[in-house]
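An overview of the molecular structure
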Amino acid sequence: MSERENIDDVLCVRLPGKDDKPRLRWWWLRQPPPMVAFALQARLSAALGPAGDAAVRLALRLLDPGAEEDLEAGVEAQGEALALRAWRRARAGKAISDGRGGEAMHEAGERLRAVLAFVASHVGAGGALDAAGLVGEFEREKVATGQAGGGAGAGGVAQATHRWARHGLLHVLLHESRCRWQGDGDAPRKGSWAAQDEPDSPGRRLALAAEGHALGAYASALDGVLVSPEELAILAAWAALHLYRPF
Amino acid sequence: MPASPPSLPGFAELPALARVCQRLDLSPADLDRRMSVDEVLDELDMQHYLHDCDNEPQAAPRPPPAR
């Protein structure tokens, strides 16, 4: 049996920018190996609770073409149909995006948003979403008073800084997927942030942490690059779909 | 405490992976290095099929007779 080929993907996240011009942010990830992928599937399913069940049921409907057509025909199920197309693309082994930007990338982003909306819509009042398990918990950083340069601002009030007290499953998912930023603009950045002659930057720190073993370093580096919670949610949905993506 | 083997999370969440390794005579590390998620899913399907061949699924119980 030969070595498995790595399964990589590129995504462009379109976020609102200045003057109605969208901001294009490029990301890269790699499907984790099977042992990690199956473990993450189970942990995500447990953390999502009923919403995870709904998402899995959505995926299972792909096995029944009749049910799939019925689902798409439903006028009120447009969001679900969009999410279903994302699952179908994943199961067909197609990239979530085509990696070239433009309208297809925009659609890919919308598909991922649809998956998020679908999952969120199934987290009802009685849902058992483990939010802390998913996104982690933060706490105020302990700042020692009286230290040299020691965190006390004007008037002796300590600067409020926070750190992750507990990392979330989404951090683990993105770390295991080696998710890293590929820059802003019309195209992904050429060359690796991790090259030795690259100066220190948030992108470089994230690229190095993505290849490293320290989840804490990765989560901190990710915080230095992300520009909105929505971007994190889209990345997490993208990485989660890759856990189920067959090739 | 030493770090747990990288394969442990997969076995803990999906014990059937151990049978995949056993049937294919692969170590967990070999499975990660050589097989994709899809190939593992195919192998799990094969195991279910072989199990059904060896243990014919029971027919559904008959409904009680109408009174």
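Residues numbered from 1 in each chain as written. Chains lettered and ligands numbered in written order. Predicted model: local features only at pLDDT ≥ 70, side-chain atom pairs only at ≥ 80, totals over all residues.

1. Notes on the overall build of chain A
To keep things clear, this is the line we draw: Labels follow the DSSP assignment, with helices taken as runs of H or I lasting at least four residues and strands as runs of E lasting at least two, numbered in each case from the N terminus. Counting other C-beta atoms within 10 Å of each residue's C-beta, where C-beta atoms are placed from the backbone, gives the exposure class: buried for 20 or more, exposed for 12 or fewer, partly exposed between.
Broken down by element type, chain A carries 10 helices and five strands. Taking all 247 residues of chain A together, the buried fraction comes to 34%.

2. A short note on the overall build of chain B
Counting its secondary structure elements, chain B contains four helices and zero strands. Sequence-ordered secondary structure for chain B, helices as α and strands as β, is α-α-α-α. For chain B, buried positions account for 18% of its 67 residues.

3. Description of the confidence of the model for chain A
All names here are of chain A. The following threshold applies: Values of pLDDT, the confidence the predictor places in each residue, fall between 0 and 100. By the criterion used throughout, residues are in contact when their C-beta atoms, derived from the backbone, lie within 7 Å.
This prediction gives chain A a mean pLDDT of 72; 57% of its residues lie at or above 70. Mean pLDDT values for the elements of chain A range from 50 in helix α3 (residues 65-73) up to 93 in helix α8 (residues 202-211). The low-confidence segment residues 71-76 (pLDDT under 50) makes seven contacts with residues lying over four places distant or belonging to another chain. The low-confidence segment residues 148-154, where pLDDT is below 50, has 10 contacts with residues more than four positions distant or belonging to other chains.

4. Concerning the confidence of the model for chain B
Residues at a pLDDT of 70 or more form 85% of chain B, whose mean pLDDT is 79. Under the prediction, the complex receives an ipTM of 0.70, its pTM being 0.72.

5. As for the interface of chain A and chain B
This is how it is decided: In this count, Pro and Cys sit with the nonpolar residues alongside Ala, Val, Leu, Ile, Met, Phe, Trp and Tyr, while Asp, Glu, Lys and Arg are called charged and the others, Gly among them, polar.
Each partner contributes to the interface: chain A provides 17 residues, whereas chain B provides 18 residues. Here the side of chain A that touches chain B is composed, by residue class, of 12 nonpolar, two polar and three charged.

6. Notes on the environment of A:Y218
All names here are of chain A. With respect to the helices and strands, the residue Y218 is situated in helix α9 (residues 215-223). Sequence separation of Y218 and A207 is 11 residues, and the distance between their C-alpha atoms is 8.7 Å. When residues no more than four places from it in sequence are discounted, the contact partners of Y218 are H171, H175, A209 and A210.

7. Quick word on the nonpolar core
For clarity, the threshold we go by: In this description, a nonpolar core means buried residues of the types Ala, Val, Leu, Ile, Met, Phe, Trp, Tyr and Cys, linked to one another by C-beta atoms lying within 7 Å.
Residues A:W27, A:L173, A:L174, A:L235, A:A236, A:A239 and A:A240 are the most contacted members of the largest nonpolar core, which totals 49 residues. Excluding anything up to four places from it in sequence, A:L235 contacts A:W27, A:L174 and A:C179.

8. A few points about the sheet that holds strand β1 (residues 8-15) of chain A
All names here are of chain A. In plain terms, the rule: Being paired, for any two strands, means DSSP has found at least two bridges between them. Comment: axis = line fitted to C-alpha atoms, over the contacting stretch for helices; angle = value between 0 and 180 degrees taken between N-to-C directions.
On the basis of which strands lie adjacent, the open sheet formed by three strands has the order β1-β2-β5 and antiparallel pairing. The sheet is open, and its two borders are formed by β1 and β5 (180-184), each paired with just one other strand. Neighbour-to-neighbour, the strand axes of this sheet turn through a mean angle of 25°, independent of strand direction. Strand direction decides the pairing type here: strand β2 (residues 23-30) and β5, joined by four bridges, are antiparallel. When the bridges of β5 are listed, R25 appears paired with D184. In the packing of helix α10 (residues 229-243) onto the sheet, contacts are made with β1 and β2, and the angle to β1 comes to roughly 155°.

9. Observations concerning the environment of B:D54
Residues and elements named next belong to chain B. Among the secondary structure elements, D54 is positioned in helix α4 (residues 37-54). C-beta crowding within 10 Å serves as the criterion here: with 7 such atoms nearby, D54 is assigned to the exposed category. Distance from D54 to A29, taken between C-alpha atoms, is 30 Å for residues 25 residues apart in sequence.

10. Things to note about the packing of helix α7 (residues 169-176) of chain A against α10(A)
Residue and element names in this part refer to chain A. Threshold: Under this scheme an angle from 65 to 115 degrees is roughly perpendicular, one under 35 degrees roughly parallel, and one over 145 degrees roughly antiparallel; angles in between are oblique. Here a crossing is called left-handed whenever its near helix is offset anticlockwise from the far helix by less than a right angle, and right-handed whenever the offset is clockwise.
Axis separation between α7 and α10 bottoms out at 10 Å; the angle between their running directions is 60°. Compared by their axis directions, α7 and α10 come out oblique. Between α7 and α10 the crossing geometry is left-handed. Counting all contacts with α7, which are made through L170, L173 and L174, the residues of α10 involved are L232, L235, A236, A239 and A240. Split by residue class, the contact of α7 with α10 holds eight nonpolar, no polar and no charged.

11. A look at the packing of α8(A) against α9(A)
Relative placement of two packed helices is described by the angle separating their axes and the distance separating the axes. Residue and element names in this part refer to chain A. The contact between α8 and α9 brings their axes to 8 Å, and the two run at 155°. The pairing of α8 with α9 is recorded here as roughly antiparallel in orientation. You can see that α8 and α9 cross each other, and the crossing is left-handed. Judged by residue contacts, P202, R205, L206, A209 and A210 of α8 engage A217, Y218, A221 and L222 from α9. Here the contact of α8 with α9 is composed, by residue class, of eight nonpolar, no polar and one charged.

12. Quick word on α7(A)
Residues and elements named next belong to chain A. Of all eight residues in α7, eight are buried; the element is thus mostly enclosed. Turning to α7, its buried residues number three or more, namely L169, L170, H171, V172, L173, L174, H175 and E176. At the C-terminal side of α7, R178 shows a positive phi close to 55°.

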